[in-house]
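Results of the structural survey
Letter by letter, the chains look like this.
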Amino acid sequence: MKKLIIVAHPHIQESMVNMRWTEELKKYPEEFDVHNIYEAYPDGNIDVEREQLLIEGYDAFVFQYPLYWFNCTPLLKKYMDEVFLYGWAYGSHGDKLKGKKFAIALSTGSEANDLQRDGKCHATLPDLLRPFELSALYCGMDYKGYFTLNGCYHVTPQQLDESARAYVEFLSRL
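This text gives an overview of the structure that appears in the document. For every chain, the first residue of the written sequence is number 1, and numbering continues from 1 along that sequence. For this predicted model, a pLDDT threshold of at least 70 governs which residues receive local features, and a threshold of 80 or more governs which side-chain atom pairs are given and counted, while totals over whole chains, interfaces and linings are taken from all residues. For side-chain calculations, the full set of non-hydrogen atoms in the structure is used, while hydrogens and water are omitted.

**With respect to the packing of aromatic side chains**
A pair of aromatic rings is counted whenever rings of Phe, Tyr or Trp (Trp by its six-membered ring) have centres within 6.5 Å, and the orientation is called stacked for planes under 30 degrees apart, edge-to-face for over 60 and tilted otherwise. Per the counting criterion, the structure on display carries 17 aromatic pairs. Taken together, a centroid distance of 6.3 Å and an interplanar angle of 40° make the contact between Phe84 and Trp88 tilted. Phe84 sits in the buried class, given a relative accessible area of 9%. Note on Trp88: relative accessible area 7%, which makes it buried. Of the aromatic side chains, those joined through ring pairs into one cluster are Phe61, Phe63, Tyr65, Tyr79, Phe84, Trp88, Phe102, Phe132 and Tyr143. In this scheme, a residue with accessible area under 20% of its type's maximum is buried, one over 50% is exposed, and one in between is partly exposed, where area comes from a 1.4 Å probe on protein chains only.

**Structural notes on the sheet that holds strand 4 (residues 101-107)**
Spatially, five strands are ordered 2-1-3-4-5 in an open sheet, and the strand pairing comes out parallel. Only two strands of the sheet have a single partner each, and these edge strands are strand 2 (32-36) and strand 5 (142-149). Shown here is a sheet whose adjacent strand axes are inclined to one another by a mean of 20°, direction ignored. Contacts from helix 5 (residues 125-138) reach strand 3 (60-66), strand 4 and strand 5, with the element oriented near 150° to strand 5. Two strands pair under a simple rule: DSSP has to find at least two bridges between them. Helix and strand definitions follow DSSP, with helices as H or I runs of at least four residues and strands as E runs of at least two, each counted in order from the N terminus. Lines fitted to the C-alpha atoms define the axes, with helices restricted to the stretch that makes contact. Angles between their N-to-C directions range from 0 to 180 degrees. A contact between two residues is defined here by any heavy atoms of the two lying within 4.5 Å.

**What about the nonpolar core?**
For our purposes a nonpolar core is just a set of buried Ala, Val, Leu, Ile, Met, Phe, Trp, Tyr and Cys residues, chained together by side-chain atoms within 4.5 Å. If you look at the biggest cluster of nonpolar residues, it comprises 34 residues, and the most contacted ones within it are Ile55, Phe61, Phe63, Tyr65, Tyr79 and Phe84. Counting residues per element, the ones that place at least two in this core are strand 1 (3-7), helix 2 (37-40), strand 3, helix 4 (74-83), strand 4 and helix 5. Sequence-distant contacts of Phe61, defined by excluding residues within four places in its chain, comprise Leu4, Ile6, Ile55, Phe84, Leu97, Lys100, Lys101, Phe102, Ala103 and Met141. With 21 residues, the next largest nonpolar core counts Ile12, Val168, Phe170 and Leu174 among its residues.

By themselves, these observations are geometric and do not establish any function.
Structure representation (structure tokens):
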């Protein structure tokens with residue numbers, strides 16, 4: 001079954017990594033549907049019912065975004081707050097996300113060695129992604145981890161292409 005990739009980059013045209021990943025995904029329309037929420041909602045007003053129905057149509061979905069101040073982008077946070085509602089995503093009758101496979105794909109400006117507890121950032125990516133993992137588990141989703149490319153400000157074209165292919169492989173295994 002196809003996987004839904006929810007892209008949440010506010011300036012994707014300026015992004016080497018997220019733009020390249022999205023271009024690679026679009027080569028496989030039978031496997032992936034790419035949904036850019038910054039393009040869909042430039043005013044920030046999310047159509048909650050539309051988004052809920054969209055997610056319901058997939059067995060697996062991924063949040064793809066750049067790491068912003070050790071967190072997700074503002075619209076992605078708003079998306080979760082508004083779309084993952086009590087009675088739909090969780091609660092006594094909220095079972096629409098139950099059993100869905102969920103993963104994260106993110107790019108970071110930090111180098112991998114900076115994202116260590118004893119590194120410059122004093123935290124690992126699993127530390128930073130823990131709220132997403134907990135949210136997924138709370139909603140009964142099957143959390144499948146994350147895919148990343150670190151140090152995106154210094155990536156070569158070859159590394160970028162290798163990363164895009166590895167991203168497709170990661171998604172294909174979900």
